[in-house]
Amino acid sequence: MSTTTDLRRPHASAGPNEKSMSTKKGNSRLAFHPMSAPDFIPAPLLRELQLSRLKTIVARAWERVPLYRDRLSAHSLTPDDVRSLEDIARLPFTVKTDLRDTYPFGLFASPMEEIVRLHASSGTTGKPIVVAYTQQDVDVWTSVMLRSFAVCGLHHGDIIQNAYGYGLFTGGLGAHYGAEGLGATVIPISGGNTDRQIMVMRDFGVTAVCCTPSYFLHMIERAGQLGIDIRELPLRVGVFGAEPWTGAMRERIEALTGIRAFDIYGLSEIIGPGVAIECPCQDGLHIFEDHFYPEIVDPDSGAVLPEGEEGELVLTTLSKFAMPMIRYRTRDITALLPGPCACGRTLRRMKRISRRSDDMLIIRGVNVFPSQVESALLDVEGTLPHYQIILSRTQGLDQMEVQVEVTSETFSDKIGALEQLHDQIADAVEHVLGIRVEVTLVEPQTIQRSEGKAKRVIDRRLQS
Ligand SMILES: [Zn+2]
């Protein structure tokens, strides 16, 4: 790797080809952390590393996890059949129900004495899914979170308010260890108690915040009510994830606060947050490919799709010991972006994920994603990005209502303006979805705020 970066002053110079990042809150040179070196590995070396790790992990899964051995055997495959990276397409998929079916520990490839951490998802139905980490896995997780923060221009001296939930959810501890690894100051405030969040943000001189984008919107709104303008605080970076959000939502957040808002991606089944991160070019998320091998497949046929084509993201963990995941179907819809990124990272990029195949609603035979409604709403002036979709069924016919909060200025305006806004929104939503849905304008603060993942859809169809 050719770089003129002076590692003796790791936080003072930018990474290869990286421009300094300027924000409305002043210029801050992008940091290059020594741990970020793998971000810039020449692609041929990266492929070699991936193949070597893939062989190791498939052999480990075969030897230690009955489900993988059975699946490979059923396809007449053994680990020796993995000779090139292309051979990965011959391996069977792993799906979420495999984790539920083997609850709690059936997919572990390490004995419990070697497992230092367990996390679990809060399953809305049935059993949760359980994930495990050896110390080495925790170290990998810390390193990819550290590299994520470094990509966002954070470094030692930053004060990071971690408002992801701590506990069985992977968000809190994942971000925590990464931020500490970076040498930043972590405030482990967890989610909730919004007034305290804002007090801490102001009084502690917080420079970066981690949470869901919808919760940050709630913080912005509450800060306004408390007479605090986030633009005047030292906060300059937001690392937002754990739910799909649109580019339009990012623009709104950045315009309201003057910060740079970065999209971070991850899932517990793979490691937690830190699978991929946006760089300052904000044109897709770099996948930490030295640890997670991405493929895009046709969600119906399972066939691997070429670069640039949209489909379901499938991930294979290349270095996870306690619980290897081979070709795990994420249900997230994206595409791998062709061509190099202007930032100089060699890690491939994926398009930001604005929808999951699980989120798809079928309304009167039409496929609808909540993110489409969000992008339509954000195109209309006078609304707040707080919205909810309510589904019901009348006489066997699906009904979809979009409730959207309007700004207090608009709401107190004369009635004609509200009607005009209503029609504008109904048109914008119809334009995006291709069907006319009911739109209801509601007063500010009507829709319940979430301190974690926003609940965008209320489905009452089964009750009616
Ligand atoms: Zn980049």
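One can find the structure itself at the top, above this paragraph.
A brief report on the enclosed structure follows. Given the structure is predicted, the values throughout are model-derived calculations rather than measurements. (Residues numbered from 1 in each chain as written. Predicted model: local features only at pLDDT ≥ 70, side-chain atom pairs only at ≥ 80, totals over all residues. Heavy atoms only, no water.)

**A look at the overall build of the protein chain**
A tally of helices and strands in the protein chain yields 11 helices and 23 strands. Viewed in the frame of its principal axes, the protein chain has a C-alpha envelope of about 70 × 60 × 40 Å. Evaluated residue by residue, the protein chain yields a buried proportion of 56% over its 464 residues. Summarising the internal contacts of the protein chain: among those between residues at least 6 apart in sequence, 66% fall at separations of at least 24. (Helix = DSSP H or I, 4+ residues; strand = E, 2+ residues; numbered from the N terminus. Buried < 20%, exposed > 50% of the residue type's maximum accessible area, 1.4 Å probe, protein only. Contact = heavy atoms within 4.5 Å.)

**What to know about the coordination of the zinc ion**
Taken together, the protein ligands of the zinc ion are Cys-279 (SG), His-286 (NE2), Cys-341 (SG) and Cys-343 (SG), with distances of 2.1 to 2.3 Å. Metal-centred angles of 100 to 117° between the four donor atoms at the zinc ion mark the site as tetrahedral. For the zinc ion, the donor residues sit on a single chain with the sequence spacing C-x6-H-x54-C-x1-C. Taken as a pair, His-286 in strand 11 (residues 285-287) and Cys-343 in the loop between strand 15 (336-337) and strand 16 (349-350) lie far apart in primary sequence, 57 residues in all. Judged by its relative accessible area of 0%, His-286 falls in the buried class. (Donors = N, O, S within 2.8 Å, 3.2 Å for Na, K, Ca; no water. Tetrahedral: all angles 85-135°; square planar, octahedral: opposite > 155°, others 65-115°.)

**Structural notes on the side chain of Asp-87**
Relative to the assigned elements, Asp-87 resides in the loop between helix 2 (66-74) and helix 3 (96-101). For Asp-87, the side chain forms a polar contact with the main-chain nitrogen of Ser-84, separated by 3.0 Å. What Asp-87 contacts, discounting residues up to four positions off in sequence, is Asp-81 and Val-82. (Polar contact = N/O pair within 3.5 Å; in protein donor to acceptor, adjacent residues only side chain to side chain.)

**Topic: the side chain of Ser-319**
Inspection of the secondary structure puts Ser-319 in the loop between strand 13 (311-317) and strand 14 (328-334). A polar side-chain atom of Ser-319 sits 2.7 Å from a polar atom in the side chain of His-291. Apart from residues lying up to four places away in sequence, Ser-319 is in contact with Ile-57, Gln-136, Asp-137, Val-140 and His-291.

**Re the packing of helix 9 (residues 370-378) against helix 11 (residues 415-433)**
Here helix 9 crosses helix 11 at 140°, and the two axes come no closer than 9 Å. Judged by the inter-axis angle, helix 9 sits oblique to helix 11. Relative to helix 11, helix 9 is oriented so that their crossing is right-handed. Every residue of helix 11 that contacts helix 9 at Gln-372, Val-373, Ala-376 and Leu-377 is listed here: Ile-425, Ala-428, Val-429, Val-432 and Leu-433. (Axes fitted to C-alpha atoms, helices over the stretch in contact; angles between N-to-C directions. Parallel < 35°, antiparallel > 145°, perpendicular 65-115°, else oblique. Left-handed = near helix turned anticlockwise from the far one by under 90°.)

**Considering the pattern of salt bridges**
Evaluated as defined, the whole model comprises 29 salt bridges. Note that Arg-329 is salt-bridged to Glu-312, the shortest N-O span being 2.7 Å. A residue pair is termed long-range when its members are at least 10 positions apart, and Arg-329 in strand 14 and Glu-312 in strand 13 qualify at 17 residues. What makes Glu-312 buried here is its relative accessible area of 0%. A salt bridge links Glu-405 to Arg-449, with the nearest nitrogen and oxygen atoms 2.8 Å apart. (Salt bridge = Lys/Arg side-chain N within 4 Å of Asp/Glu carboxyl O.)

**Focus on helix 5 (residues 170-182)**
Between its first and last C-alpha, helix 5 extends 18 Å over 13 residues, near the 18 Å set by a 1.5 Å rise per residue. Those residues of helix 5 that sit buried are Thr-170, Gly-171, Gly-172, Gly-174, Ala-175, His-176, Gly-178, Ala-179 and Leu-182. The inward-facing, buried residues of helix 5 abut strand 3 (115-120), strand 4 (130-134), helix 4 (135-151), strand 5 (159-162), strand 6 (185-187) and strand 10 (272-278). Positive phi shows up at Gly-183, right after helix 5, with a value of about 90°. (Expected span 1.5 Å × (residues − 1).)

**Here we look at the packing of aromatic side chains**
Applying the stated rule across the entire model yields five aromatic pairs. Ring geometry for Tyr-133 and Trp-141: centres 4.8 Å apart, planes at 10°, overall stacked. Overall, Trp-141 belongs to the buried group, its relative accessible area being 2%. Three or more aromatic residues joined by ring pairs make a cluster, and in this case those are Phe-216, Phe-240 and Trp-245. Geometry around Phe-93 places Arg-329 over its ring, the cationic atom sitting 4.8 Å from the centre. (Phe/Tyr/Trp six-rings, centres within 6.5 Å; stacked < 30°, edge-to-face > 60°. Lys NZ or Arg CZ within 6 Å of the ring centre and 35° of its normal.)

**Quick word on the nonpolar core**
Of all hydrophobic cores here, the largest spans 81 residues; its most connected members are Phe-149, Leu-154, Val-239, Tyr-265, Phe-292 and Met-350. For this core, the element with the highest residue contribution is helix 4, accounting for nine residues. (Core = buried A, V, L, I, M, F, W, Y, C linked by side-chain atoms within 4.5 Å.)

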